[in-house]
Amino acid sequence: MKRMKAIIAVTLVLVLLCGTAIGETWKAAEEDLPLFESLFEKLETEEREKIKADPEELDYILEMIHLKSAEEYQVGRAIVEHWYGSVRNANYRRFAYRGEEKAVPLERSGLDFSGKHAFVVLGYQLQDGEMTEELIGRCEAAAAAARSFPESTLICTGGATGPNNWENHTEADKMKMFLARDRHIDADRILTDPAAMTTLENAEKVFQVLKKEDIHKITLITSDYHQMWAQMLFNAVAAIWKARTGFEVTIVGNYSSIVRPDGVRRNSSAGLGQLRTMLREGIEVEP
């Protein structure tokens, strides 16, 4: 009996240890959400009405957040700095894939892709369990980038999406298969996240992969209209990981496939909407 109790006790300890190793949820405190809402409303008004928000008002909101939480302040500050440094910056450098064999614009950019760097390839909804032309375009851009920077890892992210996907094919697995089989990129270079169902979840899941692989630099590959929206989310998640764990990731650059004029168009307000979801519902962060 004593031996059985000891076994049970050890088992419970192991379960608890495994539970804490899975990760913890980071989210803004309930009482601080109105402050973030005020911040986002000012940015959305700026986006909609093309009138620059008052920097002093933004700083005041951020300082009010700071009084409540240093972590939340770092996240809020990162969102605002990225908004003006990238999203609303007409001089921000954007790089487009235009069918070339290699990612020539990135090769000539002068950006630093050395060291442990990954191209994060964002998925797009499947149709009947297969990739659409838009997702193929993102993969073609990824293949060009992989040829230009053979030391970089690729991370394909996206879950089982789309209508008539009876066998639950995932965007990530379809992308890896296309890159390895059809574009002859070494499969060992390609990591996958087959679970994410939204752009926010793309960022959440990819950061878990980055932490596991100890990768500190990334470049996002997606469609042109989606690039800045995605960067907003990845940048915010990066700020959370840095504030909570000290694990730091830099978004080195961007590379986008061009969607035709009849393609989907969304503005940065959609990214702000998913940031609201992140602050309210939280994301999982490794301990």
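Quick look at the structure, then. (Residues numbered from 1 in each chain as written. Predicted model: local features only at pLDDT ≥ 70, side-chain atom pairs only at ≥ 80, totals over all residues. Heavy atoms only, no water.)

**A short note on the overall build of the chain**
When you go through the chain residue by residue, the secondary structure sums to 10 helices and eight strands. Carbon together with sulfur atoms contributes 52% to the accessible area of the chain, which is approximately 14300 Å² in total. (Helix = DSSP H or I, 4+ residues; strand = E, 2+ residues; numbered from the N terminus. Areas by Shrake-Rupley, 256 points an atom, 1.4 Å probe, with all protein chains shown as cover.)

**As for the environment of Cys139**
Mapped onto the elements of the fold, Cys139 is located in helix H6 (residues 133-148). Each C-alpha atom, one on Cys139 and one on Lys174, is 10.0 Å from the other, the two residues being 35 residues apart in sequence.

**Looking at the sheet that holds strand E6 (residues 217-223)**
Read across the open sheet, the six strands follow the order E2-E7-E6-E3-E4-E5; overall the sheet is parallel. The outermost strands of the open sheet, each flanked by one partner alone, are strand E2 (96-97) and strand E5 (190-193). Along the sheet, H6 makes contact with E2, strand E3 (117-122), strand E4 (153-157), E6 and strand E7 (250-257), crossing E6 at roughly 145°. Where helix H8 (residues 199-213) meets the sheet, its contacts fall on E3, E4, E5 and E6, and the angle it forms with E4 comes to roughly 150°. (Pairing = 2+ DSSP bridges. Contact = heavy atoms within 4.5 Å. Axes fitted to C-alpha atoms, helices over the stretch in contact; angles between N-to-C directions.)

**What to know about the side chain of Thr157**
Structurally, the position occupied by Thr157 is in strand E4. In terms of polar contacts, Thr157 uses its side chain to reach the side chain of Asp193, at 2.6 Å. Among all residues touching Thr157, those that are not within four sequence positions of it are Val120, Val121, Leu122, Gly123, Glu171, Ala172, Met175, Asp193, Ala196, Asn202 and Val206. (Polar contact = N/O pair within 3.5 Å; in protein donor to acceptor, adjacent residues only side chain to side chain.)

**Concerning the packing of aromatic side chains**
If you walk through the whole model with that rule in mind, you get eight aromatic pairs. For the pair Phe207 and Phe234, a centre-to-centre distance of 6.4 Å together with 45° between the ring planes defines the contact as tilted. Taken as a pair, Phe207 in helix H8 and Phe234 in helix H9 (residues 227-245) lie far apart in primary sequence, 27 residues in all. Assessed through its relative accessible area of 1%, Phe207 is described here as buried. (Phe/Tyr/Trp six-rings, centres within 6.5 Å; stacked < 30°, edge-to-face > 60°. Buried < 20%, exposed > 50% of the residue type's maximum accessible area, 1.4 Å probe, protein only.)

**Things to note about the state of the cysteines**
In total, this model carries zero disulfides according to the counting rule given. Between Cys139, a free cysteine, and Cys156, which holds the nearest cysteine sulfur, the sulfur-to-sulfur gap is 6.0 Å. (Disulfide = S-S within 2.5 Å.)

**Some details on the packing of H6 against helix H7 (residues 171-182)**
Interhelical geometry of H6 versus H7 gives an angle of 50° and a closest axis separation of 10 Å. In terms of orientation, H6 lies oblique with respect to H7. Where H6 crosses over H7, the handedness of that crossing is right-handed. Packed against H6, whose contacting residues are Leu135, Ile136, Cys139, Glu140, Ala142 and Ala143, the element H7 presents Met175, Phe178 and Leu179 at the interface. Residues of the contact of H6 with H7, tallied by class, amount to eight nonpolar, no polar and one charged. (Parallel < 35°, antiparallel > 145°, perpendicular 65-115°, else oblique. Left-handed = near helix turned anticlockwise from the far one by under 90°. Nonpolar A, V, L, I, M, F, W, Y, C, P; charged D, E, K, R; others polar.)

**Looking at the side chain of Ser223**
Tracing the backbone through its elements, the reader meets Ser223 in strand E6. Within the structure, the side chain of Ser223 is placed 2.6 Å from the side chain of Glu134, a separation counted as a polar contact. What Ser223 contacts, discounting residues up to four positions off in sequence, is Glu134, Arg138, Ser256, Ser257 and Val259.

**A few points about unusual backbone geometry**
We note that Asp128 has phi near 55°; this positive angle belongs to a residue other than glycine. Of note, Asp128 is situated in the loop between E3 and H6. Even without being a glycine, Asn164 presents a positive backbone phi close to 60°. Locating Asn164 in the fold gives a position in the loop between E4 and H7. A residue is classified by how much of its surface remains accessible, and Asn164, at 39% relative accessible area, is partly exposed.

Remember, this is a structural readout, not a statement about activity or role.
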